[in-house]
Amino acid sequence: MPIPQKSNPIRLYCCFVWLLLLCGQCKFPEQQPFVALEAKFETVAVGQTQSPVAFIQRSSSTAGQFLWKFGDGAESIKRNPVHTYTEPRLFYEVELITFKSQSKNGLTDTTRQRIQIIPRTEALSVVNAKYLGTHEEEETGFAMAPTPEGGYLLAGRQGLYKLHLIKTNADGEQVWAKSLNIGRYLIFVTEIIALRSADPTDQGYVITGYEELGPNTHNAFVVRVNAQGVKQWERRLNAESEDELYKGVVEVGEDLLVLGKAKGISFIDTYARNGTQKSRNVLGSFEAESMLLTHNNELVFGGSIEGQPGVLRTDLDFNSLASKRVVIQTNQEDILITGKVNKVVELEDHNLVLIGQGSVDAENVSQGVRDFLKSLGITTFNPSMLGQGLGNLPINQDDLDTVRRVSTAFVIKMVASVGNTIRWKPLISYLDSVSLHDLTETNDGSLVVVGEYDNPFNNQDMVLIKFDKQLNLLPENLRLIGTPHNEVARNIWYDPTRNRVLFLGSGQRFDQLNDFLLGHLDF
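Now for a look at the structure at hand.

Calculation criteria
Residues numbered from 1 in each chain as written. Predicted model: local features only at pLDDT ≥ 70, side-chain atom pairs only at ≥ 80, totals over all residues. Heavy atoms only, no water. Pairing = 2+ DSSP bridges. Helix = DSSP H or I, 4+ residues; strand = E, 2+ residues; numbered from the N terminus. Axes fitted to C-alpha atoms, helices over the stretch in contact; angles between N-to-C directions. Phe/Tyr/Trp six-rings, centres within 6.5 Å; stacked < 30°, edge-to-face > 60°. Buried < 20%, exposed > 50% of the residue type's maximum accessible area, 1.4 Å probe, protein only. Lys NZ or Arg CZ within 6 Å of the ring centre and 35° of its normal. Core = buried A, V, L, I, M, F, W, Y, C linked by side-chain atoms within 4.5 Å. Contact = heavy atoms within 4.5 Å.

**Some points on the sheet that holds strand β14 (residues 174-181)**
At step 1: Strands sit in the order β11-β12-β13-β14 across an open sheet of 4 strands; the sheet is antiparallel. The open sheet terminates on both sides in strands that have one partner only, identified here as β11 (139-146) and β14. Between one strand axis and the next, the sheet turns by 20 degrees as a mean value, whatever way the strands run.
At step 2: Inspection of the sheet shows strand β13 (residues 162-168) paired to β14 by 7 bridges, in the antiparallel sense. By the bridge assignment for β14, His-164 is matched with Ser-179.

As structure tokens, then:
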């Protein structure tokens, strides 16, 4: 019978320590956290044609492969692709499909985003533009008038409160520049006209505008200068506790009719040529933005009637002859819109053209706007909805159901309106970004409109558009002009001797200072 051996405590302890050390060196696989497959990417909301657009994927770490579909038929399998769109469009739907790394069952995830592509902004050289001014302080051009010598007198602001005048020759080269101290606050020029007179000593120019004293506080002024830019007289309303603006002026015989506005009430101040104020006449409930003297000595005012775009026609004694509202005409009803007519121009055939802005809350018209558009089979829209252009951006009919507010800049040829309304077909816009300031007629009956476009890059570009006699717009007759800085066109004039359209505005140089910007465009 074997004799049992006694266990050695020291040996057992050593074995136990050895086992502990051995286990401490062992590494067990750690449990990896679960990461769900998720497709995600970033890009700009608005891009331009012919300009690369970057797409940056922000998908989960489990995404190993990518398939991009850019909405125009092009695709890419790159991780962070760059794509260039050739055609403007209201919405391109971009799709990203991600595939899980080392997946045996083909796991994928998909995400989509919309991107808007607008026409590319062209360089200032396209419109033969040049900067005018001292280049030493802020100078902004607002209005221009032709001179008897065939050139132009430009009116604007220098610094904050100086009226700045620049005379040019027919080629737009600066002849002289003068500044007049007329106020103590920020000034704006609304119009300049050349006085008609056979007497050279009675020739000159009349300029209207206002000072901005603060929010909703303005002070109107009217200034007359002689042909050399020397101030002859100045009239200021000096209503610092009120809110009065001068919006424009026309010459009628020996009188100057100056359009004014005070807290929503429009009026006409009549001045003699020597600056004596003769009378004031109120235009009732019509809120005027501009004034036109027609060929048959009637006055036509563009503005608004109770907040809706409209025109008012009076005789020279300011007796109302007619007032008409701009409405959207549908098969069921005439839809009133909110907005105003900025300017009225008389054509050679004596018809009138209106430009302005308007909007309507589509939810408050019982689907009327959307149903009307669908009944017309409209399948194209554009950013500013001017005529038929700005790129003709195709969208799906389902996108109409997302419209909540319909906004548009409008150009309307007023031939014969029915009753007290001016009817026009609605043109939808998703962008409240275009403002129209002025228009002119060329020798072939075409119309050229100028304004500004608040681009998606927090800058302003000039908008120049040419329409034919029927207000049709071809894509090649649209110009968005700009640089990385701000350009605005506010006034336009047609030179029939050179068949050339000139425009005046302001442009921001690379030192961040504005100068007068004068250019011409041959469409």
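**Remarks on the packing of aromatic side chains**
At step 1: Here the structure, examined in full by the defined rule, presents 9 aromatic pairs.
At step 2: Geometrically, the ring pair formed by Phe-41 and Phe-55 is tilted, given 6.4 Å between the ring centres and 55 degrees between the ring planes. On the criterion of sequence distance, the pair formed by Phe-41 in strand β1 (residues 41-42) and Phe-55 in the loop between β3 (52-54) and β4 (56-57) is long-range, its members being 14 residues apart. For the pair Phe-41 and Phe-55, one class covers both residues: buried.
At step 3: Three or more aromatic residues link up through ring pairs in this structure, and these residues are Phe-41, Phe-55, Trp-68 and Phe-70.
At step 4: Its end group placed over the ring of Phe-188, Arg-157 keeps NZ or CZ at 5.0 Å from the ring centre.

**Topic: the pairing of strand β23 (residues 286-293)**
At step 1: Of all 8 residues in β23, 6 are buried; the element is thus mostly enclosed.
At step 2: Bridge analysis of β23 against strand β24 (residues 299-305) gives 7 bridges, and the strand direction is antiparallel. Bridge assignment links Leu-292 to a residue of β24, and that residue is Val-300.

**Section: the environment of Ile-337**
At step 1: Summarising the element assignment, Ile-337 is placed in the loop between β27 (334-336) and β28 (338-346).
At step 2: Linking Ile-337 and Gln-308, residues 29 residues apart in sequence, is a C-alpha distance of 5.8 Å.

**Concerning the nonpolar core**
At step 1: Residues Leu-163, Leu-165, Ile-182, Val-189, Ile-192, Ile-207 and Val-225 are the most contacted members of the largest nonpolar core, which totals 21 residues.
At step 2: If we ignore the near neighbours within four places in the chain, the residues touching Ile-207 are Leu-163, Leu-165, Val-189, Glu-191, Ile-192, Phe-221, Val-222, Val-223 and Val-225.
At step 3: Core analysis: the next-biggest nonpolar cluster, separate from the first, contains 18 residues, Val-46, Ile-355, Val-463 and Phe-467 among them.

**Comments concerning the sheet that holds strand β17 (residues 217-226)**
At step 1: Read from one edge to the other, the open sheet built from 4 strands follows the order β15-β16-β17-β18, with strand pairing classed as antiparallel. The sheet is open, and its two edges are formed by β15 (186-194) and β18 (231-236), each paired on a single side. Pairwise comparison of adjacent strand axes, ignoring direction, gives a mean angle of 20 degrees for this sheet.
At step 2: Sheet analysis places strand β16 (residues 204-214) next to β17, joined by 10 bridges and oriented antiparallel. Bridge assignment links Tyr-205 to a residue of β17, and that residue is Val-225.

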